[in-house]
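For reference, the chains in residue letters:
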Amino acid sequence: MLKLVIKKEFLTALRDVRLQVSGVILISLMLTAVFVGRQGQKQIQKERVQAQSAMYDKWVNQGNKHPHSAAHYGQFAFKPKPVLSFLDVGLDNYTGISVFLEAHKQNEVLFSASQDSNGMTRFGEMTAALILQVLLPLLIIFLTFNTFSKEREEGTLKLIHAQGLSMRQLFMGKVWGTYLMVLLIFLPIILLAYLLLGQQSTGLGSGVTTKFLLLTSAYAIYFLIFVLLCVLISAFGKNSGFSLLSLLGLWIASCIIMPKATTNLADKVYPTPSQFEFKKVINDKVKNGIDGHNPSDVRLASLKQQVMDQYGVGSIEELPVNWSGIAMQAGEEYTDQVYDAEFTRIEHIFNQQNRLSEWIGFVNPYLAVRHLSMALAGTDFHHHMAFAKAAENYRREFVKKMNKDMEVNHKPGVAYGDYNVGKEMWSSIEPFNYNLPGATTILSNQWRSIAALVLWLVGLFFVSFIYAPKTSRL
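Remember, predicted model here, so these are calculated numbers, not experimental data.

Here the focus is the overall build of the protein chain. Secondary structure assignment for the protein chain yields 17 helices and three strands. A compact globule built from 474 residues should have a C-alpha radius of gyration of about 23 Å, whereas the protein chain, at 30 Å, is more than 25% larger. Projected onto its principal axes, the C-alpha coordinates of the protein chain cover approximately 105 × 45 × 35 Å. Here the protein chain, with 474 residues, has 46% of them falling under the buried criterion. In the protein chain, the proportion of contacts linking residues at least 24 apart, taken out of those at least 6 apart, comes to 82%. When the accessible area of the protein chain is evaluated, it comes to approximately 23,200 Å², of which 62% is carbon and sulfur surface. On the protein chain, the mean spot of the 44 positive side-chain charges and the mean spot of the 36 negative ones are 14 Å from each other.

As a further point, take the side chain of R48. Within the fold, R48 resides in helix α2 (residues 17–60). Here R48 is buried and forms no salt bridge, its nearest opposite-charge partner D92 lying at an N-O distance of 5.3 Å. If sequence neighbours within four positions are ignored, R48 has contacts with F78, K79, P80, K81 and I97.

Before going further, it helps to spend a moment on the pairing of strand β2 (residues 98–102). Buried residues dominate β2, accounting for four of its five residues. Here strand β1 (residues 75–78) runs beside β2; their pairing, made up of four bridges, is antiparallel. Note on β2: the bridge partner recorded for A77 is V99. Note that β2 and strand β3 (residues 105–106) share two bridges and pair antiparallel. Within β3, the residue paired with L101 across the bridge is Q106. With antiparallel pairing between neighbouring strands as the criterion, β2 and β3 make up a hairpin whose turn holds two residues, including H104 at a positive phi of roughly 75°.

This brings us to the packing of aromatic side chains. A full pass over the atoms with the stated rule returns 20 aromatic pairs. An angle of 55° between the planes, with centres 5.9 Å apart, marks the rings of Y394 and F398 as tilted. Residue Y394 and its partner F398 are both found in helix α14 (residues 381–409); the two are separated by four residues, about one turn of the helix. We classify Y394 as buried; its relative accessible area is 14%.

Applying the stated rule across the entire model yields 13 salt bridges. Linking R395 and D336 is a salt bridge whose minimum nitrogen-to-oxygen distance equals 3.0 Å. With R395 in helix α14 and D336 in helix α12 (residues 323–360), the pair connects residues that are 59 residues apart, well separated along the chain. Exposure remark for R395: the relative accessible area of 1% places this residue in the buried category. On the basis of relative accessibility, which here comes to 10%, the residue D336 falls in the buried class. In this structure, R396 and D336 form a salt bridge, with 3.6 Å as the shortest nitrogen-oxygen distance. Highlighted residues: R396 in helix α14 and D336 in helix α12, separated in sequence by 60 residues. Put simply, E332, D336, D340, E392, R395 and R396 are held in one network by salt bridges that share partners.

Rules used in this analysis
- Residues numbered from 1 in each chain as written.
- Predicted model: local features only at pLDDT ≥ 70, side-chain atom pairs only at ≥ 80, totals over all residues.
- Heavy atoms only, no water.
- Helix = DSSP H or I, 4+ residues; strand = E, 2+ residues; numbered from the N terminus.
- Rg over C-alpha atoms; globule rule 2.2 N^0.38 Å.
- Buried < 20%, exposed > 50% of the residue type's maximum accessible area, 1.4 Å probe, protein only.
- Contact = heavy atoms within 4.5 Å.
- Areas by Shrake-Rupley, 256 points an atom, 1.4 Å probe, with all protein chains shown as cover.
- Lys, Arg positive; Asp, Glu negative; His and termini not counted.
- Charge placed at Lys NZ, Arg CZ, Asp CG, Glu CD.
- Salt bridge = Lys/Arg side-chain N within 4 Å of Asp/Glu carboxyl O.
- Pairing = 2+ DSSP bridges.
- Phe/Tyr/Trp six-rings, centres within 6.5 Å; stacked < 30°, edge-to-face > 60°.

See the structure below:
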């Protein structure tokens, strides 16, 4: 009997002209978004790879100069465009694409797409994620709002129950029949996306197939949650009009109002300092010492004495190594401590904001699937921070190598401009290479969103099992 109900609901939805028209439009939008997004991702990644290669060639061929001058000459690190970002651009438009790596400074990742865009950027691009997270649930609402109420209004609900079909079977039949129709609409975008993944030609494919399957599963669960919720409201709604208005209100609240309200709430609860305040704190700590202790001149005098004691000499001029190289590296390491402390503080604030949004995912499944989708696509805050940290570690390593060469090979008494190194030194610095976090790391970061989706799914099935029999008495 259950199979017959599922088949009947599926065929009824399939024959609905409104669904046919809206389904074709939605599928067309999704296929276009996927194809255009994939071509854009490939082009952007190609440009960034070329830019990274060009900047490294420029570094290698910078000519003969002092190592510390080369450290100031610096390099650029370009953030790769994740393969799955063609499905969900996430925060990529707001987090920047490249960072300049130089001595003494930990620069921010700059040149985000939103800087060159108008105010419409905040409404998002027409991406597959937007369609799947916002528009497809709207189609589910129009597909299911009268699935029970219509039969109750026509007087057929009790007749069906009287023929020996339990309300649980009828309820689940309507759920699975509708869900099969949703999956039929969802299938073309999955097939096209998977085929386009086969065109991957970059080295960014660490676990791409696994992430893609996890992303697909997350959306499949999200759609089932919406179908269950819609059928439940239709089952207990007074009439079709009430069910439709209730579901539309729910959609507006969850997909439009709550995301913005959550962002504003997170910013109020965990405010971030301005860029001016952030830079001022760093400059003050570098100059005056952390917490106002150990200012720069005191640190330098103490370091001089330690180095002279180490080599058993009475003055800097008697050292067998270059004092400037030692002082430069000590300054770098102290500055790194300051930057680490301040960036960690800011990162903690952003993590608190994100966690608040993830916890609200237990109230709003849209937020849960949005966080999980961005994470699996490689476009969330965690991926941005992973890139920024990898670029900073690279900066520290090559600056340290420049300072070490200056310390060991720039002999005392030789003027700054008279000691130069060339291409052999620059080539000893490997090109910047960044690997995206794996699926395991992503899932561990997104456990709240995963738990929220699972809780919604289990909770709705539980409510359906308990209250479905009562629909015959309404």
